[in-house]
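Chain and residue survey
Chain residues, written in single-letter form:
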Amino acid sequence: MKELDKKELKAINGGGIGTWLLIGGGIVFLIGVIDGYVRPLACNN
């Protein structure tokens, strides 16, 4: 295993898709909360 120096560590790219998935999930959650508050639907049990 090779130990990387600071220059090589700064050149590593990756992990961006997790950030976008987290942001997208948060947006969908907020839309659901707003929709539930504005247009509440009764449970049909």
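Residues numbered from 1 in each chain as written. Predicted model: local features only at pLDDT ≥ 70, side-chain atom pairs only at ≥ 80, totals over all residues. Heavy atoms only, no water.

1. Notes on the overall build of the protein
On a plain count of helices and strands, the protein comes out with two helices and zero strands. Viewed in the frame of its principal axes, the protein has a C-alpha envelope of about 60 × 20 × 10 Å. With 45 residues in all, the protein has 0% of them scored as buried. Surface exposure of the protein reaches about 4,800 Å², of which carbon and sulfur atoms provide 68%. A gap of 5 Å separates the mean positions of the 5 positive and 4 negative side-chain charges of the protein. (Helix = DSSP H or I, 4+ residues; strand = E, 2+ residues; numbered from the N terminus. Buried < 20%, exposed > 50% of the residue type's maximum accessible area, 1.4 Å probe, protein only. Areas by Shrake-Rupley, 256 points an atom, 1.4 Å probe, with all protein chains shown as cover. Lys, Arg positive; Asp, Glu negative; His and termini not counted. Charge placed at Lys NZ, Arg CZ, Asp CG, Glu CD.)

2. Considerations on the pattern of salt bridges
Inspection of every chain in the model, using the stated rule, returns two salt bridges. Across the pair Lys-2 and Glu-8 runs a salt bridge whose closest N-O atoms are separated by 3.1 Å. Given the relative accessible area of 30%, Glu-8 is considered partly exposed. Between Arg-39 and Asp-35 there is a salt bridge, and its shortest N-O distance comes to 3.1 Å. On the basis of relative accessibility, which here comes to 33%, the residue Asp-35 falls in the partly exposed class. (Salt bridge = Lys/Arg side-chain N within 4 Å of Asp/Glu carboxyl O.)

3. Things to note about a nonpolar patch on the surface
Where nonpolar side chains cluster on the molecular surface, the patch consists of Phe-29, Leu-30, Val-33, Ile-34, Tyr-37 and Val-38 and spans about 720 Å² of accessible area. Residue placement: Ile-34 occurs in helix α2 (residues 16–38). (Patch = residues over 30% accessible without salt bridge, like charges linked within 9 Å, V, L, I, M, F, W, Y side chains within 5 Å.)

4. Things to note about the environment of Glu-3
Within the fold, Glu-3 resides in the segment before α1 (6–10). Looking at Glu-3, the relative accessible area reads 74%, which means it is exposed. Between the C-alpha atom of Glu-3 and that of Ile-27, which follows or precedes it by 24 residues, the distance is 39 Å.

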